[in-house]
Amino acid sequence: MSNLPADFIKRINSQFADAGQFLKGLEDDKLWSVRLHPRRSGHDLELGSPVPWCDGGYYLDEKPQYTLNPLFHAGNFYPQEASSMFLQYLLGNIAGYLPDNPSVLDLSAAPGGKSTLIASWLNGRGVLVSNEVIRSRAWILHENMTKWGYSNVVVTNNDPADFRKLPGFFNLMVVDAPCSGEGMFRKDPAAADQWSVQNADLCAQRQRRILMDAWDALAQDGILIYSTCTFNPAENEENMQWLLTQADAECIEVDLNDLWNITSVKFNGGTGYAFYPHLTKGEGFFVAMFRKKEPAGKVSSKKNKKDKGKIKIKLPDGLFGSEDLVPVMHQNKIYAMPSGMAAVFDVLSSSLNVFGAGIEAGEIMRNEFVPSPFLPFALQFNRDFYPLVGLNREEALHFLKGSWSGQIPEGKGWHVVKYKESLLGFIKVVGNRVNNYYPKEWRIRMNIDNL
């Protein structure tokens, strides 16, 4: 890569004995990969070889136009970098450390790659809090988690320090820390243009603050998974060694398949795992895991003053296929969530800025239930509750753009639009008119007229 910063090259030459091969690896072709939804079918993708450390992960020979694939909008797959899918392998290795229904925090979750993976791994167990500190990115996270469809997820928009209000609450914490982004140089040349020694140093300092801000929220014997997409030792193994001097924790190590060519990175007190461009089929990535040994505080019980606690309200019979879901009122909207999650939702909603929780089912207007536009994406939604309207690809793309090019369905009222067998959202038939209820902020913005 001709645009690699001179200071970066200098450090790589001192950091790696095979620096020449490392730097040459950054000139290789970009890698593309996706992870299929484990409970949905249909993707219209030409899949390549499987990602070996992640069930449902596949490499692609070239990058598709995801925007023009209605099944992408339906939440049937998620474009995710292959190296970061290693999280699934780690989760499988630490399952024995966690309770059956764990509380999980993905601290820096946008746009949602790791959170969708965690949600699939939990498969409805426990509760997952997917957090993003930047508000605009939190809305993107909310969209992706809504489309992924699991009912045990809470999306929040909070600074890491806010989680001090929840001492000892989480059994598992994933911190994909903001970093200098060296691992993205091959895929995104702009990342190299923005890199500097000073910025990398600031990232390392910020990562330490984030870790200490969030540490109190981890329960005793809870697991921390820390990751970055950089090669910088100051942001990786040196920060992990620093963490062990600040907290009573032990590093958790895993066995690796030699064929994966993942590099074990030793530091005083443990081992991390690194993905290097000349060795592993993936972009740059570093990860390490720790178990918290010190005692943790407990969350004080308090009710959400905004909603005056949990308000039960009846949902239309048959709206969901699961008997385990209970309705909860939050900010004038009705959410459906597992009973176990509803029991702790008051604590979460009174301590955090909640963007969404469980399944946003709808609201009551003029004594009538009005469904949420997010409802059809829920895995437990009863797809036979409303009439279904099938669209071809062109019609589906027009729907996703906010218009309507299909025929007017018979029967007034709410209908659910589908492409093939995947649900895309609501329309409402009013007289001879079709109103499109696909969320405005999700709509396709590119020109589709000449496709």
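This text goes with the structure placed above it.
These figures come from a predicted structure and were not determined experimentally. (Residues numbered from 1 in each chain as written. Predicted model: local features only at pLDDT ≥ 70, side-chain atom pairs only at ≥ 80, totals over all residues. Heavy atoms only, no water.)

Undergrad: Summarise the sheet that holds strand β19 (residues 388–391); cite the residues concerned and give the values.
TA: If you trace the four strands from one edge of the open sheet to the other, you get β19-β20-β21-β22, paired in mixed fashion. Lying at the two open borders of the sheet, with one neighbouring strand each, are β19 and β22 (433–436). Direction aside, the axes of adjacent strands within the sheet are offset by 40° on average. Where strand β21 (residues 422–430) meets β22, four bridges bridge the pair, whose relative direction is antiparallel. (Pairing = 2+ DSSP bridges. Helix = DSSP H or I, 4+ residues; strand = E, 2+ residues; numbered from the N terminus. Axes fitted to C-alpha atoms, helices over the stretch in contact; angles between N-to-C directions.)

Undergrad: Outline the packing of helix α4 (residues 86–94) against helix α5 (residues 113–122), listing residues and values.
TA: Viewed as axis vectors pointing N to C, α4 and α5 meet at an angle of 35°, and their least axial separation amounts to 10 Å. In this structure, α4 crosses over α5, and the sense of that crossing is right-handed. The residues of α5 that touch α4, namely those facing Leu-87, Gln-88, Leu-91 and Gly-92, are Lys-114, Leu-117, Ile-118 and Trp-121. When its residues are assigned to classes, the contact of α4 with α5 shows five nonpolar, two polar and one charged. (Left-handed = near helix turned anticlockwise from the far one by under 90°. Contact = heavy atoms within 4.5 Å. Nonpolar A, V, L, I, M, F, W, Y, C, P; charged D, E, K, R; others polar.)

Undergrad: Tell me about the layout of surface pockets, and please be specific about residues and values.
TA: Considering only enclosed or pocket space, the largest pocket measures out at about 1500 Å³ in volume. Considering the residues around the largest pocket, the lining is formed by 50 residues, among which Ala-110, Pro-111, Arg-137, Asp-176 and Met-184 are closest to the centre. A breakdown of the residues in the lining of the largest pocket according to their chemical character gives 22 nonpolar, 15 polar and 13 charged. In this structure, the second largest pocket encloses a volume near 410 Å³. Where the lining of the second largest pocket is concerned, the elements lending two or more residues are α6 (135–148), β15 (333–338), β16 (354–357), β17 (359–365) and β18 (368–371). At four residues, the largest contribution of residues to the lining of the second largest pocket is made by β17. Class assignment for the residues of the lining of the second largest pocket results in 12 nonpolar, seven polar and five charged. (1 Å grid on protein atoms, 1.4 Å probe; cavity = no way out; pocket = protein on both sides within 12 Å on 5 of 7 lines; lining within 4 Å. Points joined across faces, edges and corners; volume = space filled by probe spheres on them.)

Undergrad: An account of the environment of Gly-75 is requested, with residue identities and associated values reported.
TA: One can find Gly-75 in the loop between α3 (70–73) and β4 (77–79). Linking Gly-75 and Phe-231, residues 156 residues apart in sequence, is a C-alpha distance of 32 Å. Ignoring any residue separated from it by four or fewer positions in sequence, one finds Gly-75 in contact with His-37, Arg-40, Lys-147 and Trp-148.

Undergrad: Pulling in residues and values, what's your account of the packing of aromatic side chains?
TA: A full pass over the atoms with the stated rule returns 30 aromatic pairs. Between Phe-22 and Phe-231, the aromatic rings sit 4.8 Å apart at their centres with planes inclined by 80°, giving edge-to-face as the arrangement. In this pair, Phe-22 is assigned in helix α2 (residues 19–25) and Phe-231 in the loop between β9 (218–228) and α9 (237–246), connecting sequence segments 209 residues apart. Its relative accessible area of 0% is what places Phe-22 among the buried residues. Measuring from centroid to centroid gives 6.1 Å for Phe-231 and Tyr-276, while their planes differ by 50°, and the two rings are tilted. One end of the pair, Phe-231, is in the loop between β9 and α9; the other, Tyr-276, is in the loop between β12 (270–275) and β13 (285–292), with 45 residues separating them in the sequence. Among the aromatic residues, ring-to-ring pairing joins Trp-53, Phe-86, Tyr-89, Trp-260, Phe-275 and Phe-285 into one connected group. The residue whose ring lies beneath Arg-125 is Trp-121, and the NZ or CZ to ring-centre distance is 5.2 Å. Here the guanidinium or amino end of Lys-281 rests over the ring plane of Tyr-59, the centre of that ring lying 4.1 Å away. (Phe/Tyr/Trp six-rings, centres within 6.5 Å; stacked < 30°, edge-to-face > 60°. Buried < 20%, exposed > 50% of the residue type's maximum accessible area, 1.4 Å probe, protein only. Lys NZ or Arg CZ within 6 Å of the ring centre and 35° of its normal.)

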